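Residue strings, one per chain:
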Amino acid sequence: MENIKVIVGLGSCGIAAGANKVFEKIKALKEADNLKFELKKTSCIGMCYREPLVEIVDDNGSYLYGDINEKKAAELIEKHILENEPIKSYVVQTDLFETPDKDFIEDQVKITLRNCGYIDPEKIEEYEVRGGYRAIRKIAGQRISRLDVIQTVINSGLRGRGGGGFPTGLKWKFANNNKADEKYIICNADEGDPGAFMDRSVLEGDPHAVLEGMIIGAYAIEATGGVIYCRAEYPLAIKRLNIAIEQARENGYLGKNILGIDGFNFDIYIKEGAGAFVCGEETALIASVEGERGMPRKRPPFPAESGLWQKPTNINNVETLANIPWILLHGSEEYAKYGTEKSKGTKVFALAGKIKRSGLVEVPMGMSIRDVIFKLGGGIQNDKKFKAVQMGGPSGGCIPAYLADTIIDYDSVNATGAIMGSGGMVVMDETTCMIDVAKFFLDFTQKESCGKCTFCRTGTKRMLEILTRITEGKGEESDIEKLEELSYQIKDSSLCGLGQTAPNPVLTTIKYFREEYEAHIRDKKCPAKVCKQLLTYEVDPEKCTGCTVCAKNCPTDAIDGAKKEVHFIRQDDCIKCGTCYTKCKFDAIKIY
Amino acid sequence: MRIARISGEKITKEQEQVDVNLLDSLIEKYKDKKGNLIPLLQGTQDIFGYIPREAFEKISSEAGIELSDMYGVVTFYAQFRLNPVGKHIIKVCHGTACHVQNANAITDALKELLKINDGETTEDGMFTLESVACLGCCSLAPVMMIDNDTHGKLTGGQAVKIIKNIKIKESN
Ligand SMILES: Cc1cc2nc3c(=O)[nH]c(=O)nc-3n(C[C@H](O)[C@H](O)[C@H](O)COP(=O)(O)O)c2cc1C
Ligand code: SF4
Ligand code: SF4
Ligand code: SF4
Ligand code: FES
Ligand code: FES
């Protein structure tokens, strides 16, 4: 039994699904009977839809068990460990036999996520065993020059994963060109796109990969200080980063004359964000690190010339940095083998929304949206109709079902009017109203606008007002044109990316779902039955038992009917609050 | 407009006593560091749950930061609060994934249960209801976080049950 390993996935979402309880249960059983197997922790394994996840590795191989609760955990110990009989029906992934979840795994190529779900992120040894810190050791050992490191990154074709897609190697080259006594490298871990969690999973699951990426970057551009700007909503990521930084210092990867490279002094500290989406923008982020209001400023000067404390500064995203050690270790050709002509390598996507298998996937660039959603993601929940996928968050747009064969690379996604963004994919079905989605994003950007530019500040507010009135049945014929006009003006007169891209969710929904806007405006109907004000509530006489619950709960007394008789809604008095629909236990309230 | 988020300080009669001496070590730690304003405010909020007027004054005089700069920063970032919060903070996620999975139903149910609006605190000081944009557990949408525990795949009814359980625990 000594060589059996039991590994529990303890990422944020695993913990939310109850993984801590499962871990404690296994620990208690192990201690009670003095069992000799090894019990370990790891982080996000990627199959978030099967959380809590427990992997058991024995002499035959590895079995990943899904949907484990305390009871099932006890069964696993009993059967798999004590009786050596794996419980096949709980297995979601193994190389030993076919599982229904094999489609989720098969086409993935794990470079960024190479260690996520394999190692205990709180143990530096486990990172090192899997090739960690070997890239920086190689650079130090072989005295690879700064320019050669930069050239390798350029050759790999790696483009920034934070949304902009700027070639990382070139960015480093600019930062390297600017000579100064102090220089900074910043890791952007603000992950502002609401509906994306790639960076969180990497930070929680493999923090040393991000640190090593920063150390290599620091060497390449001669940075003297490093900052990780992490959003405060990710307490577990911050905790694990702190542990990792401490371990890296103890092991000589941070500090003075790192790995014997003369004069290479570098350390990293964490700056917690304070809840402002705009601080993901480079110049706003810098202002925030300096302790100010996070307002973007004009570029040039670019951060590469004058950034943090007016010193040359290079900012990279978490995922970008996590790729760096792999590229340096395996070479640029190996990385560039994956992907399309202009978008090399792999990309991590966070699948969420109305998709069957939501979680984290890493695929080569160039896979089609259809394959990601239907093959890996298993299609739409409850087998409803796929309507659209939102990519790029508040800066992106909705790609309709008929464009599902679009391949995923920077240029193809841009051509649809959405953007690749950081990798969030929120899937929508026929019950999602596209005007409601557009309104949701405008509400977000309107609140998050820093207020510096008039069009971004006031224009988004006007757009939100128009969208709100459309969803309330007060839309006017000219509203679509007004939205478009405002969109172009906001795009043209905004200083930073927030304003410049804020209209995208509206423009793409108008482009692809114009008839849905028209249904709201002309027919005062919401085809997806989401916009409450546009729905009609009626009692189905066949089903109504006359229980009076609806009438008692109706805030405007719009429902008539005697006890045990069919009830009736007076439409003139109904304010469409939906209460009767949720209260009726007999499914007798119909919505049209 | 970020201005829409600012809820100014509410003056209540029995303003609780704030022990500003708790701030001493924090101010000592950050006093002369550059870029110290946000960590100072975060530290203050960790201590009191919000940023009391007395703390503004003390930090301003001892760390030499203008009151107007402090107020400007506090009102810019969504994290900072000017009013005391409840014992338990409920954060309902309204990110994209949670929105399409009907996060509104959760906020609506909690508003009705607690008889407060988003951003407010119950009269007994037990709960504060807030909305946030994405807790990073989108695959479990819709999600809410109470203190440091995250709950996923919720319905309005389940959210209500969780709060009721906390209430029961508190009354014991
Ligand atoms: C409004 C706004 C929000 C942004 N938010 C993020 C973010 O949360 N994380 C991120 O990595 N980049 C974000 N970016 C992009 C960054 O400004 C920057 O381009 C990126 O961090 C650079 O790293 P990369 O080249 O490795 O992608 C945002 C940009 C804008 C305009
Ligand atoms: S575009 Fe919007 S967020 Fe960006 S600087 Fe202007 S007002 Fe601020
Ligand atoms: S709650 Fe439903 S069953 Fe009862 S009276 Fe109303 S419509 Fe009829
Ligand atoms: S939707 Fe609301 S107002 Fe209308 S009948 Fe039902 S409970 Fe009454
Ligand atoms: S598998 Fe749990 S965080 Fe993804
Ligand atoms: S959208 Fe709610 S957790 Fe991400």
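In the block above lies the structure referred to throughout.
Residues numbered from 1 in each chain as written. Chains lettered and ligands numbered in written order. Predicted model: local features only at pLDDT ≥ 70, side-chain atom pairs only at ≥ 80, totals over all residues. Heavy atoms only, no water.

(A) Molecular detail of the overall build of chain A. Broken down by element type, chain A carries 24 helices and 18 strands. For 592 residues, the compact-globule estimate of 2.2 N^0.38 gives 25 Å, and chain A sits close to it at 27 Å. In terms of overall dimensions, chain A has C-alpha extents of about 85 × 70 × 40 Å along its principal axes. Considering chain A as a whole, with its 592 residues, one finds that 59% of them fall into the buried category. Contacts in chain A between residues at least 24 apart in sequence constitute 69% of all its contacts with a sequence separation of at least 6. Total accessible area computed for chain A in this model is approximately 23,000 Å², and 48% of it derives from carbon and sulfur atoms. For chain A, the centre of its 79 positive side-chain charges and the centre of its 85 negative side-chain charges are spaced 2 Å apart. (Helix = DSSP H or I, 4+ residues; strand = E, 2+ residues; numbered from the N terminus. Rg over C-alpha atoms; globule rule 2.2 N^0.38 Å. Buried < 20%, exposed > 50% of the residue type's maximum accessible area, 1.4 Å probe, protein only. Contact = heavy atoms within 4.5 Å. Areas by Shrake-Rupley, 256 points an atom, 1.4 Å probe, with all protein chains shown as cover. Lys, Arg positive; Asp, Glu negative; His and termini not counted. Charge placed at Lys NZ, Arg CZ, Asp CG, Glu CD.)

(B) Structural context of the overall build of chain B. Scanning chain B for helices and strands turns up seven helices and four strands. The C-alpha extent of chain B, read off along each of the three principal axes, is 50 × 35 × 25 Å. When each of the 172 residues of chain B is scored for burial, the buried share is 52%. In the structure as shown, chain B presents an accessible area of about 8,700 Å², 48% of it carried by carbon and sulfur atoms.

(C) The interface of chain B and chain A, seen in detail. If you look at the interface, chain B gives 35 residues, while chain A gives 54 residues. Here chain B meets chain A over a buried area of about 3,500 Å², counting both sides, of which 58% is carbon and sulfur. Linking chain B to chain A there are zero salt bridges. Linking chain B with chain A are 17 residue pairs in polar contact (both at pLDDT 80 or more), by the criterion used here. Where the side of chain B that touches chain A is concerned, the elements lending two or more residues are α2 (37-48), α4 (67-76) and α5 (96-100) of chain B. (Buried area = accessible area lost by both parts, 1.4 Å probe. Salt bridge = Lys/Arg side-chain N within 4 Å of Asp/Glu carboxyl O. Polar contact = N/O pair within 3.5 Å; in protein donor to acceptor, adjacent residues only side chain to side chain.)

(D) Representation of the packing of α2 of chain B against α4 of chain B. All names here are of chain B. For the pair α2 and α4, interaxial distance at closest approach is 11 Å and the crossing angle is 70°. For the element pair α2 / α4, the angle class is roughly perpendicular. Helix-helix and strand crossings are classified by hand; for α2 and α4 the assignment is right-handed. For the pair α2 and α4, contact is made by Leu-37, Ile-38 and Leu-41 and by Asp-69, Met-70, Val-73 and Val-74, respectively. Of the residues assigned to the contact of α2 with α4, the class counts are six nonpolar, no polar and one charged. (Axes fitted to C-alpha atoms, helices over the stretch in contact; angles between N-to-C directions. Parallel < 35°, antiparallel > 145°, perpendicular 65-115°, else oblique. Left-handed = near helix turned anticlockwise from the far one by under 90°. Nonpolar A, V, L, I, M, F, W, Y, C, P; charged D, E, K, R; others polar.)

(E) Molecular detail of the site of ligand 2. Around ligand 2, 13 residues are found, and the nearest of them are Cys-450, Lys-452, Cys-453, Cys-456 and Cys-496 of chain A. Looking at the shell around ligand 2, its residues break down into eight nonpolar, four polar and one charged. (Near = heavy atom within 4 Å.)

(F) Local environment of helix α19 (residues 479-492) of chain A. Residue and element names in this part refer to chain A. Its 14 residues give α19 an end-to-end C-alpha distance of 20 Å, which sits within 8% of 20 Å, the value for a rise of 1.5 Å per residue. When we look at burial in α19, the residues that qualify are Asp-479, Ile-480, Leu-483, Leu-486, Ser-487 and Ile-490. All buried residues of α19 lie within an arc of 130° about the axis, which places them on one face of the element. In α19, the exposed residues that point more than 90 degrees away from the buried face are Glu-485 and Asp-492. Contact partners of the buried residues in α19: α18 (454-471), α20 (497-501), α21 (504-512) and α22 (514-521). (Expected span 1.5 Å × (residues − 1). Arc of directions from axis to C-beta.)

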